[in-house]
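# Working through the structure, step by step
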Amino acid sequence: MALLAFVLIYLMATVLWNLPFWVAAFYAIGSVACFIAYAIDKAAAVKQRQRISERALLLLGLSGGWPGAILAQQWLRHKSSKVSFRRWFWCSVALNVALFVWLAQLQAGFF
């Protein structure tokens, strides 16, 4: 649901504020990078090797990769049950979306 809601917010922002194409590319690249990071961390967890820190995963999500993180959590079943991580993850998603809306309005000259 969060991905669908963001797609709708993104489409409305694009129509209302004429967002440049690079914003979508930024989220797409960030999402792919974040998905790959989750996959690497999952493989490291299975093989009991050095892991990617939760802080790094959260920062990747906060910087725009959270759609990829959601897909990784669902498809790879990684970081999907640890309550403390998920709480911080959803806070980072909310912060990213709020920053997205603020910056989109700023770019459109609303502020």
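The text that follows walks through the structure, step by step, so that each part is easy to find. All figures in this text were calculated on a predicted structure; none of them were measured in a lab.

### Structural notes on the pattern of salt bridges
Under the defined criterion, the tally for this structure stands at 3 salt bridges. Here Asp41 ties to Arg51 by a salt bridge, and the two come within 2.9 Å at their closest N and O atoms. Taken as a pair, Asp41 in helix H2 (residues 21-46) and Arg51 in the loop between H2 and helix H3 (54-75) lie far apart in primary sequence, 10 residues in all. Judged by relative accessible area, Asp41 falls into the buried class, the value being 0%. Its relative accessible area of 39% is what places Arg51 among the partly exposed residues. Among the salt bridges present, the one from Glu54 reaches Lys82, with a minimum N-O distance of 2.7 Å. With Glu54 in helix H3 and Lys82 in the loop between H3 and helix H4 (83-108), this pair connects stretches of sequence that are 28 residues apart. Among the charged side chains, a network of salt bridges with common partners joins Glu54, Lys79 and Lys82.

The rules behind the values
- Residues numbered from 1 in each chain as written.
- Predicted model: local features only at pLDDT ≥ 70, side-chain atom pairs only at ≥ 80, totals over all residues.
- Heavy atoms only, no water.
- Salt bridge = Lys/Arg side-chain N within 4 Å of Asp/Glu carboxyl O.
- Helix = DSSP H or I, 4+ residues; strand = E, 2+ residues; numbered from the N terminus.
- Buried < 20%, exposed > 50% of the residue type's maximum accessible area, 1.4 Å probe, protein only.

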